[in-house]
Amino acid sequence: MQLPEPRGPVTARLVEELVRPPRPLDAPPPWSAEPAVDDEDLQLALFVCYEMHYQGFDGVDDGWEWEPSLLGLRGRLEERLERALARTVPRPPVPAPRDVPRALAALVEEYDDGPSLSAFLRSRADLGRFREFVVHRSIYQLKEADPHTWAIPRLLGRPKAALVEIQADEYGGGRPGRMHAELFRATMRGLGLDDSYGAHLDRVPAVTLAISTTMSLFGLHRRRRGALAGHLAAFEMTSSQPNLRYSQGLRRLGGDAAARRYYDEHVQADAVHEQIAAHDLCGGLAAGQPHLTGDILYGAACALALDRLFARHVLDRWRQGLPSLRSPLPDAVAGAASGAGAGRG
Ligand SMILES: [Fe+2]
Ligand SMILES: [Fe+2]
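Every residue gets a number counted from 1 within its own chain, in the order that chain's sequence is written. As a convention, the first chain written is A and the first ligand written is 1, with the rest following in written order. Only residues with pLDDT of 70 or above have their local features reported here, since the model is predicted, and side-chain atom pairs are shown and tallied only from 80 upward, although totals for entire chains, interfaces and linings are computed over all residues. Side-chain descriptors were evaluated using all non-hydrogen atoms of the structure, hydrogens and water having been removed beforehand.

Participant: Is there a simple way to think about the overall build of the protein chain in this case?
Facilitator: The helix and strand tally for the protein chain stands at 14 helices and zero strands. Numbering of helices and strands runs from the N terminus, with a helix taken as a DSSP run of H or I at least four residues long and a strand as a DSSP run of E at least two residues long. From first element to last, N terminus to C terminus, the protein chain shows the α and β order α-α-α-α-α-α-α-α-α-α-α-α-α-α. The reference for a compact globule is 2.2 Å times residues^0.38; the radius of gyration itself is calculated from the C-alpha atoms. Against the 2.2 N^0.38 benchmark of 20 Å for 345 residues, the protein chain shows a C-alpha radius of gyration of 20 Å, consistent with a compact globule. When its C-alpha atoms are laid out on the principal axes, the protein chain stretches across 50 × 50 × 40 Å. Remark: exposure states derive from per-residue accessible area (1.4 Å probe, protein chains only) relative to the maximum for the residue type, with buried under 20%, exposed over 50%, and partly exposed in between. Every one of the 345 residues in the protein chain was classed for burial, and the buried ones make up 55%. Taking all contacts inside the protein chain whose residues are at least 6 apart in sequence as the whole, residues at least 24 apart take part in 82%. Approximately 14,600 Å² of the protein chain is accessible, and the part contributed by carbon and sulfur atoms is 52%. The protein chain carries 41 positive and 45 negative side-chain charges, and their two centres are separated by 3 Å. Throughout, a residue-residue contact means that at least one pair of heavy atoms, one from each residue, lies within 4.5 Å. Using a 1.4 Å probe, the Shrake-Rupley method yields the accessible areas, and only the shown protein chains count as cover for residues. Positive charges come from Lys and Arg alone, negative charges from Asp and Glu alone, with His and the N- and C-terminal ends not counted. Positions of charges follow a simple convention, taking NZ of Lys, CZ of Arg, CG of Asp or CD of Glu.

Participant: Even after reading the chapter, I still don't get the coordination of the iron ion (ligand 1), so can you show me in this structure?
Facilitator: Ideal coordination angles are 109.5 degrees for a metal with four donors arranged tetrahedrally and 90 or 180 degrees for a metal with six donors arranged octahedrally. Coordinating donors are taken as N, O and S atoms within 2.8 Å of the metal, stretched to 3.2 Å for Na, K and Ca; because water is absent from the atoms, sites can appear incomplete. Bound to the iron ion (ligand 1) are the protein donor atoms Glu144 (OE), Glu170 (OE), His180 (ND1) and His266 (NE2), situated 1.9 to 2.1 Å from the metal. In this scheme the shape depends on donor count and angles: four donors with every angle between 85 and 135 degrees give tetrahedral, four or six donors with opposite pairs above 155 degrees and others between 65 and 115 give square planar or octahedral in turn, and any other case is irregular. Here the iron ion (ligand 1) binds four donor atoms, and the angle range of 82 to 169 degrees at the metal identifies the geometry as irregular. Considered as a linear motif, the donors of the iron ion (ligand 1) on their single chain read E-x25-E-x9-H-x85-H. Between the iron ion (ligand 1) and the iron ion (ligand 2) the interatomic distance amounts to 4.0 Å, and Glu170 serves as a bridging ligand to the pair. In this pair, Glu144 sits in the loop between helix H6 (127-141) and helix H7 (146-149) while His266 sits in helix H13 (residues 257-288), placing the two residues 122 residues apart along the sequence. By the burial criterion, Glu144 is buried, and His266 matches it.

Participant: Help me out: how do you make sense of the pattern of salt bridges in this one?
Facilitator: Pairing between side chains of opposite charge can happen when their charged atoms approach one another. Each salt bridge in this description consists of a side-chain nitrogen of Lys or Arg and a carboxyl oxygen of Asp or Glu lying within 4 Å of one another. If you walk through the whole model with that rule in mind, you get 22 salt bridges. In this structure, Arg224 and Glu82 form a salt bridge, with 2.4 Å as the shortest nitrogen-oxygen distance. Residue Arg224 is found in the loop between helix H10 (206-220) and helix H11 (225-237), and its partner Glu82 is found in helix H3 (residues 68-88); the two are separated by 142 residues along the sequence. Note that Asp113 is salt-bridged to Arg308, the shortest N-O span being 2.6 Å. Of the two residues, Asp113 is situated in the loop between helix H4 (100-110) and helix H5 (117-123) and Arg308 in helix H14 (residues 293-319); the sequence distance between them amounts to 195 residues. What emerges from the salt-bridge pattern is a single network uniting Arg13, Glu17, Arg20, Arg23 and Asp26.

Participant: Is there a simple way to explain the packing of aromatic side chains in this structure?
Facilitator: The description of an aromatic ring pair rests on the distance of the ring centres and on the angle between the ring planes. Only rings of Phe, Tyr and Trp enter the pairing, Trp through its six-membered ring, and a pair is recorded when the two centres are within 6.5 Å. The plane angle decides the type: under 30 degrees is stacked, over 60 is edge-to-face, the rest tilted. Applying the stated criterion to the full structure yields nine aromatic pairs. Plain terms: the ring middles of Phe120 and Trp318 are 5.6 Å apart, the flat faces sit at 35 degrees to each other, and that makes the pair tilted. Pair noted here: Phe120 is in helix H5 and Trp318 is in helix H14, with a separation of 198 residues, a long-range link. Aromatic side chains Tyr262 and Tyr263 sit 5.4 Å apart centroid to centroid with 85 degrees between the ring planes, which places their arrangement in the edge-to-face category. Side by side, Tyr262 and Tyr263 carry an identical accessibility label, which is buried. By the ring-pair criterion, three or more aromatic residues cluster together here, those being Phe130, Phe133, Phe184, Tyr246, Tyr262 and Tyr263. Here, a charge over a ring is recorded when the distance from Lys NZ or Arg CZ to the ring centre is within 6 Å and its angle to the ring normal is within 35 degrees. Taking NZ or CZ as reference, Lys143 lies 4.7 Å from the ring centre of Tyr54, over its face.

The values are spatial; any link to function lies outside them.
Okay, structure coming up:
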């Protein structure tokens with residue numbers, strides 16, 4: 001994956017430094033403005049710092065991963081993300097640990113009042129808009145499950161077994177072609193999109209990056225293991241029905257079975273995963289470590305709130321006749337979905 005184009009002073013500095021051998025970075029100048037979830041420079045800088053723990057970047061020395069000054073910068077960016085999240089996402093009331101599955105279900109329902117992106121994609125979006133949606137999602141879905149995997153060594157017993165059971169499915173149960181990230185690549189190819197890892201990083205706005213950076217924030221800090229578990233539960237609990245609608249939308253637009261398989265797989269799998277995540281993972285974690293209960297709910301709320309912000313962004317842009325990405329997509333290559341010649345959204 002290529003280093004991205006800078007979006008402000010911090011990312012400009014980062015991409016300039018990271019192509020050199022690892023060495024101490026100067027501290028960034030103090031920030032004046034209050035941090036916001038949709039701050040492009042903040043989200044991209046954090047995304048770049050976190051990516052050093054995933055696949056890294058072409059031409060960037062792997063030694064940067066543990067360079068103390070880069071970790072120091074990451075810590076300062078994380079403080080800003082945490083503050084931005086605190087301003088954006090109200091902390092849900094803390095239930096009794098045994099009531100965690102029920103409280104998660106109530107929270108999901110509470111957040112279900114936002115605009116329905118999946119309903120729009122099912123029945124109204126043209127091929128260009130569907131492709132935009134897939135490009136946004138590719139930022140996470142080409143590394144699907146990885147951020148939540150960080151929690152495995154931090155858990156014990158029932159919640160650990162539950163998380164491993166979910167993750168085993170996400171990673172294809174031993175069959176590389178069944179890995180959800182690989183199924184998603186087939187969806188991208190079916191839509192004539194570049195399916196290589198990170199190919200579309202420059203195109204997606206901060207609100208899309210925030211979904212990924214928040215997961216990595218929760219994943220890379222053991223102290224946030226409760227939030228990470230709740231985050232996964234919220235993902236799984238809001239997946240089955242939207243994925244059915246995405247599949248229906250893609251079928252309407254001429255997508256074949258291979259292109260739709262990612263979505264079809266999630267209709268079934270996540271109906272099971274949501275039970276395991278709410279009851280065994282989050283319920284089990286709260287029972288064993290009751291002090292994490294509040295953070296489990298907060299992690300779920302963050303996932304739901306960010307997804308709502310993302311849906312609002314995309315639908316608002318489309319309603320104004322504008323693309324939801326920062327730069328236009330090349331037209332689909334011949335043979336993609338059908339609907340050849342469909343415009344960009
Ligand atoms: Fe999945
Ligand atoms: Fe799942």
